Amino acid sequence: FKKCLATPIMPIFSANNDISICIDRKADKNLIIGSHENISEIPRIWGSEKHKEVINNIKISECPKCTLNYANSQIEHAIINNEMDYEFC
């Protein structure tokens, strides 16, 4: 896969209250989108413009491995490349 698009399926809630978008790079400050100290703020943070911007700025070349490799591959093949003809009429 060329782009990381599976991160929205799995938020990472760290013990220090960080909300990260990647299990493999949860300590990377560039992938932290907020705090879960106030639980009512999570819906406002997840799916926000900042969240989308962080996803768009992920550089796969900086990833040591990818727990969501399979999901990312499926999204690219099925949705991005339309290899499963989801747009079939």
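About the thresholds
- Residues numbered from 1 in each chain as written.
- Predicted model: local features only at pLDDT ≥ 70, side-chain atom pairs only at ≥ 80, totals over all residues.
- Heavy atoms only, no water.
- Helix = DSSP H or I, 4+ residues; strand = E, 2+ residues; numbered from the N terminus.
- Buried < 20%, exposed > 50% of the residue type's maximum accessible area, 1.4 Å probe, protein only.
- Contact = heavy atoms within 4.5 Å.
- Areas by Shrake-Rupley, 256 points an atom, 1.4 Å probe, with all protein chains shown as cover.
- Lys, Arg positive; Asp, Glu negative; His and termini not counted.
- Charge placed at Lys NZ, Arg CZ, Asp CG, Glu CD.
- Polar contact = N/O pair within 3.5 Å; in protein donor to acceptor, adjacent residues only side chain to side chain.
- Arc of directions from axis to C-beta.

**Q** Quick question: what am I supposed to make of the overall build of the chain here?
**A** Along its length, the chain carries 3 helices and 3 strands. With respect to the principal axes defined by its C-alpha atoms, the chain has extents near 45 × 30 × 20 Å. Looking at the chain as a whole, 31% of its 89 residues are labelled buried. Sequence separation of at least 24 residues holds for 50% of the intrachain contacts in the chain that already meet a minimum separation of 6. With an accessible surface of roughly 6100 Å², the chain has 56% of that area assigned to carbon and sulfur atoms. For the chain, the centre of its 10 positive side-chain charges and the centre of its 12 negative side-chain charges are spaced 5 Å apart.

**Q** How should the side chain of S20 be read in this particular structure?
**A** Mapping S20 onto the fold places it in strand β2 (residues 18–20). In this structure the side chain of S20 is engaged in a polar contact, spanning 3.4 Å, whose partner is the backbone oxygen of L31. Other than its neighbours up to four places away in sequence, S20 contacts P11, I12, R25, K26, L31, I32 and W46.

**Q** Sorry, what's going on with unusual backbone geometry here?
**A** Leave glycine aside and you will find that most residues have negative phi; peptide bonds, for their part, are mostly trans. Even without glycine at this site, N17 takes up a positive phi of about 80 degrees. With respect to the helices and strands, the residue N17 is situated in the loop between β1 (12–13) and β2. Notably, N82 is not glycine yet its phi reads approximately 50 degrees, a positive angle. As for its position among the elements, N82 is in the segment after α3 (69–80). Judged by relative accessible area, which is 21%, N82 ranks as partly exposed.

**Q** Please clarify how helix α2 (residues 49–56) should be interpreted in this entry.
**A** Since the α-helix packs 3.6 residues into each turn, any two residues three or four apart lie on the same face. H51, V54 and I55 are the residues of α2 that are buried. In a view along the axis of α2, the buried residues occupy a sector of 100 degrees, so they form one face of it. Those residues of α2 that are buried lie in contact with β3 (32–35) and α1 (42–45).

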